[in-house]
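Report on the structure
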Amino acid sequence: RHTAETGLQLPELPKKYRHIEIAEDWFVPGKRKMIKRNHKKSHGLMSFGDIARHTAETWKTVDDETFAFVTEVARLIMVRFKE
């Protein structure tokens, strides 16, 4: 998968995610920085720490194919960043 905006050649999505339509620039860091967002009061259901712990626990159980995809995308972005 090639993205015209960034010129990166992304690996194919993991099999279980191929049916999902995602934006071409979904991984571009800072693309929303120019959009001013309204301040919203926290929902109070989960603290940031709780969300971080839940994300860490979930990440530990990610399948090998998804892990390989995310790792490769991160590597490509880092290579591009260092250029």
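Structure: see above.
What this report covers is the structure whose coordinates are included nearby. (Residues numbered from 1 in each chain as written. Predicted model: local features only at pLDDT ≥ 70, side-chain atom pairs only at ≥ 80, totals over all residues. Heavy atoms only, no water.)

1. Comments concerning the packing of aromatic side chains
Scanning all chains against the criterion turns up one aromatic pair. Ring centres of Trp59 and Phe67 lie 5.6 Å apart, and the angle between their planes is 40 degrees; on these two criteria the pair is classed as tilted. Note on Trp59: relative accessible area 42%, which makes it partly exposed. (Phe/Tyr/Trp six-rings, centres within 6.5 Å; stacked < 30°, edge-to-face > 60°. Buried < 20%, exposed > 50% of the residue type's maximum accessible area, 1.4 Å probe, protein only.)

2. A closer look at the nonpolar core
Residues Leu8, Leu10, Leu13, Phe69, Val73 and Leu76 constitute the largest nonpolar core, which totals six residues. Aside from chain neighbours lying at most four places away, what touches Leu76 is Leu8, Gln9, Leu10 and Pro11. (Core = buried A, V, L, I, M, F, W, Y, C linked by side-chain atoms within 4.5 Å. Contact = heavy atoms within 4.5 Å.)

3. Observations regarding a nonpolar patch on the surface
A cluster of nonpolar side chains, Leu45, Met46 and Ile51, forms an exposed patch at the surface whose accessible area comes to about 300 Å². Of note, Ile51 is situated in helix H1 (residues 48–59). Residue classification places Ile51 among the partly exposed positions, given a relative accessible area of 36%. (Patch = residues over 30% accessible without salt bridge, like charges linked within 9 Å, V, L, I, M, F, W, Y side chains within 5 Å. Areas by Shrake-Rupley, 256 points an atom, 1.4 Å probe, with all protein chains shown as cover. Salt bridge = Lys/Arg side-chain N within 4 Å of Asp/Glu carboxyl O. Helix = DSSP H or I, 4+ residues; strand = E, 2+ residues; numbered from the N terminus.)

From the geometry alone we can't say anything about function, so treat these as descriptive.
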